[in-house]
Amino acid sequence: AQSVTQLGSHVSVSEGALVLLRCNYSSSVPPYLFWYVQYPNQGLQLLLKYTTGATLVKGINGFEAEFKKSETSFHLTKPSAHMSDAAEYFCAVLNSGYSTLTFGKGTMLLVSP
Amino acid sequence: EAGVTQFPSHSVIEKGQTVTLRCDPISGHDNLYWYRRVMGKEIKFLLHFVKESKQDESGMPNNRFLAERTGGTYSTLKVQPAELEDSGVYFCASSQELNSEQFFGPGTRLTVL
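The structure displayed is predicted, hence computed values, not measured ones.

What counts and how
Residues numbered from 1 in each chain as written. Chains lettered and ligands numbered in written order. Predicted model: local features only at pLDDT ≥ 70, side-chain atom pairs only at ≥ 80, totals over all residues. Heavy atoms only, no water. Disulfide = S-S within 2.5 Å. Helix = DSSP H or I, 4+ residues; strand = E, 2+ residues; numbered from the N terminus. Buried < 20%, exposed > 50% of the residue type's maximum accessible area, 1.4 Å probe, protein only. Pairing = 2+ DSSP bridges. Polar contact = N/O pair within 3.5 Å; in protein donor to acceptor, adjacent residues only side chain to side chain. Contact = heavy atoms within 4.5 Å. Axes fitted to C-alpha atoms, helices over the stretch in contact; angles between N-to-C directions.

Examining the state of the cysteines
Okay, so step 1: Taken as a whole and assessed by the stated rule, the structure comprises 2 disulfides over all chains.
Okay, so step 2: Between the sulfur of Cys23(A) and that of Cys91(A) lies a disulfide, 1.9 Å long from S to S. On the sign convention where negative means left-handed, the S-S torsion of about -65° between Cys23(A) and Cys91(A) marks this disulfide as left-handed. Placement of Cys23(A) in strand β3 (residues 19–26) and of Cys91(A) in strand β9 (residues 87–94) is noted, with a sequence separation of 68 residues between them. The exposure classification of Cys23(A) matches that of Cys91(A), with both residues buried.
Okay, so step 3: One disulfide bridge connects Cys23(B) with Cys92(B), the sulfur atoms lying 1.8 Å from each other. Handedness here is read from the sign of the S-S torsion; for Cys23(B) and Cys92(B), about -65°, the answer is left-handed. Placement of the pair is Cys23(B) in strand β3 (residues 19–24) and Cys92(B) in strand β9 (residues 88–95), with a sequence separation of 69 residues.

Set out below in structure tokens:
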């Protein structure tokens, strides 16, 4: 069965600093990986996804993530944090039946001026 | 194009009462999913419809939960009778294809007192 581990329930950065949110997964098959973001009082919004091909994936709002098979990781980064990035971020893996998602516990990103 | 909508946004009920949550997927999306996030835990899969058929209901916690999708359009999730541990945020998502992006609704926050 697939599982997802997000290191750190809260991450605090200053505006303009690098954002790094960690995600490790376990999967018995080549994974499809996702990062979702949830802004206050809104639904989950897809930031980016990895299915096949290029291991460095670019998403919306300047975020990107790199799939590293040897490390079973899919960390999310952004070079320079903005106040509007403050939200909760979820890493997820698509299950082997290609239907349902398994999520990590989420990481709340706090951005200070 | 309208996104996934959920009603109500919040529901507060007493233990033992019945609550029905509704989800309207994006028009034309055959796949509809229900997920739940209990406070402090990860978002967990409940069940998956393909059109009006239940494709996978392995995540349903017990027989107090009943999901329907009559006519393959909107879906309802009924909890009867509600227990304290049912409190959480219930998310609905829809997708066009099995392994394509799942679009999430804003969720229904259920509080059972």
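Side note on the pairing of strand β4 (residues 33–38) of chain A
Along any regular strand, the residues point their side chains to alternate faces of the sheet.
Residue and element names in this part refer to chain A.
Okay, so step 1: Counting buried positions along β4 yields 6 of 6 residues, so the element is predominantly enclosed.
Okay, so step 2: Burial along β4 is two-sided: the face carrying Leu33, Trp35 and Val37 and the face carrying Phe34, Tyr36 and Gln38 are both buried.
Okay, so step 3: The hairpin turn running from β4 into strand β5 (residues 44–50), its antiparallel successor, is 5 residues long, and Asn41 in that turn takes a positive phi close to 65°.
Okay, so step 4: Relative to β9, β4 runs antiparallel, the two sharing 6 bridges. From the neighbouring strand, Val37 faces β9, where its bridge partner is Tyr89.

Quick notes on the side chain of Asn31(B)
Residues and elements named next belong to chain B.
Okay, so step 1: Along the polypeptide, Asn31 turns up in strand β4 (residues 31–37).
Okay, so step 2: Among the polar contacts listed, one links the side chain of Asn31 to the side chain of His48, at a separation of 2.9 Å.
Okay, so step 3: Apart from residues no more than four positions distant in its own chain, Asn31 is found in contact with His48, Phe49, Val50, Arg69, Ala93, Ser94, Ser95, Gln96, Glu97 and Leu98.

With respect to the environment of Leu33(A)
All names here are of chain A.
Okay, so step 1: With respect to the helices and strands, the residue Leu33 is situated in strand β4.
Okay, so step 2: On the basis of relative accessibility, which here comes to 0%, the residue Leu33 falls in the buried class.
Okay, so step 3: Separated by 45 residues in sequence, Leu33 and Lys78 place their C-alpha atoms 18 Å apart.
Okay, so step 4: Ignoring anything within four residues of it in the chain, the contact list for Leu33 reads Tyr25, Leu48, Lys49, Tyr50, Phe67, Phe74, Ala92 and Val93.

Observations concerning the sheet that holds strand β1 (residues 3–7) of chain A
Residues and elements named next belong to chain A.
Okay, so step 1: Within the open sheet, the 5 strands sit side by side as β1-β3-β8-β7-β6. Their pairing is antiparallel. The strands lining the two open edges of the sheet, one partner per strand, are β1 and β6 (56–58). Recorded for the sheet is a direction-independent mean angle of 20° between the axes of neighbouring strands.
Okay, so step 2: For β1 and β3, the ladder comprises 5 bridges, and the chain directions are antiparallel. Note on β3: the bridge partner recorded for Val4 is Tyr25.

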